[in-house]
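Coordinate analysis (summary)
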Amino acid sequence: MHFLKKIFFILLLVSTTVIGQTIEQPKIKALLIDGQNNHGQWPKISYMLKKYMVDTKLFSVNLDRTAYTWKGEKYIKEYALNNKHTEALKEPKKDPDYAPNFSDYDLVICNFGWKAAYWPEKTQKAFEKFIENGGGLVVFHAADNSFPEWLAYNKMIGLGGWGNRSEKDGPYVYYDEKGKLIRDTSVGSAGAHGPQSEYQIQIRDKKHPITKGLPKTWLHTKDELYNSLRGPAENMTVIATAYSEKENKGSGRHEPALMTLEYGKGRIFHSIMGHADYSVQCVGFITTFLRGAEWAATGKVTQKIPKDFPKKNETSSRPFIKL
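In every chain, residue numbers begin from 1 and rise along the written sequence. In keeping with the predicted nature of the model, local features appear solely for residues at pLDDT of at least 70, side-chain atom pairs appear and are counted solely at 80 or more, and the whole-chain, interface and lining totals rest on all residues. Excluding hydrogens and water, the side-chain values take into account all heavy atoms of the structure.

1. Concerning the overall build of the protein chain
Condition: Comment: elements are numbered from the N terminus, with helices defined as DSSP H or I runs of at least four residues and strands as E runs of at least two. Each residue's exposure class comes from its accessible area (1.4 Å probe, protein chains only) as a fraction of the maximum for that residue type: buried when under 20%, exposed when over 50%, partly exposed otherwise. Throughout, a contact is declared for two residues whenever any of their heavy atoms are within 4.5 Å. Counting rule for charge: Lys and Arg are taken as positive, Asp and Glu as negative, and neither His nor the chain ends is counted. For the purpose of locating charges, the reference atoms are NZ of Lys, CZ of Arg, CG of Asp and CD of Glu.
The number of helices and strands found in the protein chain is 7 helices and 12 strands. Each of the three principal axes of the protein chain carries a C-alpha extent, and together these read 85 × 45 × 40 Å. Buried positions account for 52% of the 323 residues belonging to the protein chain. Sequence-distant contacts in the protein chain: of pairs separated by 6 or more residues, those separated by 24 or more amount to 70%. Both charge centroids of the protein chain, one from 46 positive and one from 35 negative side chains, sit 6 Å from each other.

Now the structure itself:
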């Protein structure tokens, strides 16, 4: 009897200790990849995105960069990687040793851009397998300019621009004035934008975990508004659009701004926003990026809508300060 009482006391002590503590959930393991992007601020933007993610306490984030970099020279030194030497070149060049261990992560964030050199074939196959087996992916802005001849990548992003993309790569996708989703197979090149400006984002799927609770329309800060993107557009849902005004050298159509896709068991979040640091400081961009990243990795969203979220006709930004 004395022995049973002792066991009971030990179990009671252990259970009380567990109940009295907050059990920390495992963090989402994210890998942010960059190195070659026609948008010169890409090293700073990678740093900003990493900080945004870490600040949520939901993510642990590593950054992997190609050994050969293109553009971004002004920012590479300030936002260098401590554990990797890189060489800035005048033109993109393939890094034959580029081989991130994707399988160590739950999520990849792609910050490559137009003209980025293709990865080694073995690395491409490893990335495809990672997504097919359930890995998450976030692509934003110029990442949908990348790798026009990589079929699997184009299926992952759904829609892309530039890089000689055309009707051979898939339809234009947009909403018409009646609110109908159009898949336009007409002949034409892919990818355009007018001068940078503020523009309204219109939510098209209010029930999706990423957009649930967001205002129906909200004003994004100064950015490029991509139009006339085209691609396979398979297993893709357009969850938000932006109207591309003809007066601003746009298409006159409601263009996809936020998209979700499935590739195998993997989930992908695609945002057209994020041209420069001031674009990435928009609370609307930050919120949808973070919610999209969590959804791509887990299939759900636990983050609340911040009180400083943009309004229908009012932008909201958070000035970024490097620590």
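2. Some details on the nonpolar core
Note the threshold: Residues belong to a common nonpolar core when they are buried Ala, Val, Leu, Ile, Met, Phe, Trp, Tyr or Cys residues joined through side-chain atoms within 4.5 Å.
Of all hydrophobic cores here, the largest spans 79 residues; its most connected members are Met-53, Leu-107 and Phe-127. With 9 residues, helix H7 (residues 283-298) is the single largest residue contributor to this core.

3. Remarks on the pattern of salt bridges
Pairs can form between side chains of opposite charge once their charged atoms are near each other. We apply this condition: By salt bridge we mean one thing: a side-chain nitrogen of Lys or Arg within 4 Å of a carboxyl oxygen of Asp or Glu.
Scanning the model with the defined rule gives 9 salt bridges in all. Between Lys-51 and Asp-55 there is a salt bridge; the shortest N-O distance is 2.8 Å. Note that Lys-51 and Asp-55 are positioned in helix H2 (residues 42-55) at a spacing of 4 residues, about one turn of the helix.

4. Concerning the side chain of Ser-166
Within the fold, Ser-166 resides in the loop between helix H5 (151-157) and strand S6 (172-175). We classify Ser-166 as buried; its relative accessible area is 15%. Beyond its immediate sequence surroundings of up to four residues, Ser-166 is in contact with Gly-188, Ser-189, Ala-190 and Arg-230.

5. Re the packing of aromatic side chains
Using the following cut-off: Geometry of aromatic contacts follows a simple scheme: Phe, Tyr and Trp rings, the Trp one being its six-membered ring, pair when their centres are within 6.5 Å, and the pair is stacked under 30 degrees between planes, edge-to-face over 60, tilted otherwise. As a reminder, the over-ring test applies to NZ of lysine and CZ of arginine, requiring each to be within 6 Å of the ring centre and within 35 degrees of the ring normal.
Summed over the entire model, instances satisfying the criterion amount to 24 aromatic pairs. Centroid distance Phe-112 to Phe-147: 6.1 Å. Interplanar angle 50°. Geometry classified as tilted. With Phe-112 in the loop between strand S4 (107-110) and helix H4 (121-132) and Phe-147 in the loop between strand S5 (136-140) and H5, this pair connects stretches of sequence that are 35 residues apart. As far as the burial class goes, Phe-112 and Phe-147 line up, both buried. Seen in terms of ring centroids, Trp-150 and Tyr-153 are 5.4 Å apart; in terms of plane orientation they differ by 25°. Their pairing is stacked. The burial state of Trp-150 is the same as that of Tyr-153; both residues are buried. When the ring centre of Tyr-172 is taken as origin, the NZ or CZ atom of Arg-230, which lies over that ring, is 3.9 Å away.

6. Some points on the side chain of Asp-95
Applicable threshold: Counted as a polar contact is a pair of N or O atoms within 3.5 Å, where, for protein atoms, one must be capable of donating a hydrogen and the other of accepting one, and residues adjacent in sequence contribute only when both atoms are in side chains.
Structurally, Asp-95 can be placed in the loop between strand S3 (87-89) and S4. For the buried Asp-95, no salt bridge exists, and the shortest N-O distance to an oppositely charged side chain is 4.5 Å, to Lys-84. Engagement of the side chain of Asp-95 in a polar contact is seen with the backbone nitrogen of Ala-67, the distance being 2.8 Å.

7. Quick word on H7
In plain terms, the rule: A helix is expected to span 1.5 Å for every residue after the first.
Between the first and last C-alpha of H7 there are 22 Å, a value that for 16 residues agrees with the 22 Å anticipated at 1.5 Å per step. The buried fraction of H7 amounts to 15 of the 16 residues, a majority that puts the element mostly inside the structure.

8. What to know about the confidence of the model for the protein chain
A low pLDDT score tells you not to read the predicted coordinates there in detail. The line we're drawing: Residue-level confidence of the predictor is what pLDDT reports, using numbers from 0 through 100.
Looking at the protein chain, pLDDT values average 94 and 93% of them are 70 or higher. Highest mean pLDDT in the protein chain belongs to strand S12 (residues 266-271) (99); lowest belongs to helix H1 (residues 2-19) (46). A low-confidence stretch, residues 7-21 (pLDDT under 50), is modelled with 1 contact involving residues beyond four sequence positions or located in other chains.

9. Comments concerning the environment of Leu-290
Position of Leu-290 relative to the elements: it lies in helix H7. A relative accessible area of 8% places Leu-290 in the buried class. Each residue touching Leu-290, except ones within four places of it in the same chain, is listed here: Tyr-52, Met-53, Thr-56, Phe-59 and Gln-303.

10. Re the packing of H2 against H7
Stated precisely, the cut-off is as follows: Interaxial angles span 0 to 180 degrees and are taken between N-to-C directions of axes, which are lines fitted to C-alpha atoms, for helices over the stretch in contact. Geometric relationships in this document are graded by angle, where less than 35 degrees denotes roughly parallel, more than 145 denotes roughly antiparallel, 65 to 115 denotes roughly perpendicular, and other angles denote oblique. With the far helix as reference, a near helix turned anticlockwise by less than a right angle produces a left-handed crossing, and one turned clockwise produces a right-handed crossing. Side-chain classes follow a simple rule in which Ala, Val, Leu, Ile, Met, Phe, Trp, Tyr, Cys and Pro form the nonpolar group, Asp, Glu, Lys and Arg form the charged group, and the remainder, Gly included, forms the polar group.
Where H2 contacts H7, the axes come no closer than 11 Å and their chain directions differ by 65°. With respect to their mutual orientation, H2 and H7 come out roughly perpendicular. Note on packing geometry: the crossing formed by H2 with H7 is right-handed. Of the residues in H7, those touching H2 at Leu-49, Tyr-52 and Met-53 are Phe-285, Ile-286, Phe-289, Leu-290 and Ala-293. Partitioning the contact of H2 with H7 into residue classes produces 8 nonpolar, no polar and no charged.

11. Focus on the environment of Pro-120
Checked against the element boundaries, Pro-120 lands in the loop between S4 and H4. What makes Pro-120 buried here is its relative accessible area of 12%. Residues Pro-120 and Ala-242 lie 122 residues apart in sequence; the distance between their C-alpha atoms is 36 Å. Discounting residues that sit within four places of it in the chain, Pro-120 has contacts with Lys-94, Asp-95, Pro-96 and Tyr-98.

12. As for unusual backbone geometry
Despite not being glycine, Phe-147 shows a phi value in the positive range, around 50°. For Phe-147, a relative accessible area of 1% puts it in the buried group. A positive phi angle is found at Asn-164, which is not glycine, with a value near 65°. Structurally, the position occupied by Asn-164 is in the loop between H5 and S6.

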